[in-house]
Amino acid sequence: MKFPKSLEPREFRDEHDLQGFIVGRLRHLGYVVEVSSSNVRGRRQHRGVSDLFVRCRDWPKAHWLHSEIKGAKTPLSVEQEEAYLMGNIVIWRSWLEACTDLGLPIDEQTKF
């Protein structure tokens, strides 16, 4: 489902800013969000490890959504593309993509 560009809260300088916004909104909505070090400035990690691990408290305990945060034009690495094609991760390039993947209703998507 495509959403109008006007529903985006603002333009983000980089992936780090987008990730911070998504993490803050999801935590505000009650999701458990664990951040790996991939988008934390100055840290390195293994390729293919997702940026975010997201869980709703209503999901079974072992169920986590693995999300990779990417800028609008940032290409995927080979490892990320393979994981995405196998259905192991989701790619979020905007808040609206995150909302869509999590099944959040439109009113939750636009409350800022």
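Model, not experiment: these values are computed from the prediction.

1. A few points about the sheet that holds strand S2 (residues 52-55)
Taken together, four strands build an open sheet; the order of strands is S1-S2-S3-S4 and the sheet is mixed. Because the sheet does not close on itself, it has two edges, and the strands there are strand S1 (32-35) and strand S4 (90-92). The mean angle between the axes of side-by-side strands here comes to 30°, regardless of whether they run parallel or antiparallel. As defined by bridge partners, S2 adjoins strand S3 (residues 65-69) across three bridges and the pair is classed as antiparallel. Within S3, the position partnered with Leu 52 by the bridge is Ser 67. Packing against the sheet, helix H1 (residues 15-28) makes contact with S1, S2, S3 and S4, and its axis sits at approximately 155° to S1.

2. Comments concerning helix H3 (residues 95-102)
Each α-helix turn comprises 3.6 residues. Residues three or four places apart therefore point the same way. For H3, the complete set of buried residues consists of Trp 95, Leu 96, Ala 98, Cys 99 and Leu 102. Along the axis of H3, the buried positions cluster into a sector of 160°, meaning they face one direction only. Gly 103 sits one or two residues past H3 and shows a positive phi near 75°.

3. Comments concerning the packing of aromatic side chains
As enumerated under the stated definition, the model contains two aromatic pairs in all. Between Phe 21 and Trp 95, the aromatic rings sit 5.9 Å apart at their centres with planes inclined by 90°, giving edge-to-face as the arrangement. Residue Phe 21 is found in helix H1, and its partner Trp 95 is found in helix H3; the two are separated by 74 residues along the sequence. The burial state of Phe 21 is the same as that of Trp 95; both residues are buried. Note on Tyr 31 and Trp 59: the rings are 6.3 Å apart at their centroids and 70° apart in plane angle, and the pair reads as edge-to-face. Note that Tyr 31 is positioned in the loop between H1 and S1 and Trp 59 in the loop between S2 and S3, a separation of 28 residues in sequence.

4. Some thoughts on the pairing of S3
Across a regular strand the side chains alternate sides, sitting on one face of the sheet and then on the other. Counting buried residues in S3 gives four out of five residues, a clear majority hidden from the surface. The sheet contact formed by S3 and S4 spans three bridges and is parallel. Bridge assignment links Ser 67 to a residue of S4, and that residue is Val 90.

5. Quick notes on the packing of H1 against H3
The N-to-C vectors of H1 and H3 enclose an angle of 40°; their axes lie 10 Å apart at closest approach. It follows that H1 is oblique to H3 by the angle criterion. The handedness of the crossing between H1 and H3 is right-handed. Contacts between H1 and H3 pair Leu 18, Phe 21, Ile 22, Arg 25 and Leu 26 from the former with Trp 95, Ala 98 and Leu 102 from the latter. Across the contact of H1 with H3, the residue classes break down as seven nonpolar, no polar and one charged.

6. Re the confidence of the model for the protein chain
Across the protein chain, the average pLDDT comes to 81, with 74% of residues at 70 or higher. Across residues 1-8, confidence stays below pLDDT 50; counting only partners more than four residues off in sequence or on other chains, it has 13 contacts.

So, how was this worked out
Residues numbered from 1 in each chain as written. Predicted model: local features only at pLDDT ≥ 70, side-chain atom pairs only at ≥ 80, totals over all residues. Heavy atoms only, no water. Pairing = 2+ DSSP bridges. Helix = DSSP H or I, 4+ residues; strand = E, 2+ residues; numbered from the N terminus. Axes fitted to C-alpha atoms, helices over the stretch in contact; angles between N-to-C directions. Contact = heavy atoms within 4.5 Å. Buried < 20%, exposed > 50% of the residue type's maximum accessible area, 1.4 Å probe, protein only. Arc of directions from axis to C-beta. Phe/Tyr/Trp six-rings, centres within 6.5 Å; stacked < 30°, edge-to-face > 60°. Parallel < 35°, antiparallel > 145°, perpendicular 65-115°, else oblique. Left-handed = near helix turned anticlockwise from the far one by under 90°. Nonpolar A, V, L, I, M, F, W, Y, C, P; charged D, E, K, R; others polar. pLDDT = per-residue confidence, 0-100.

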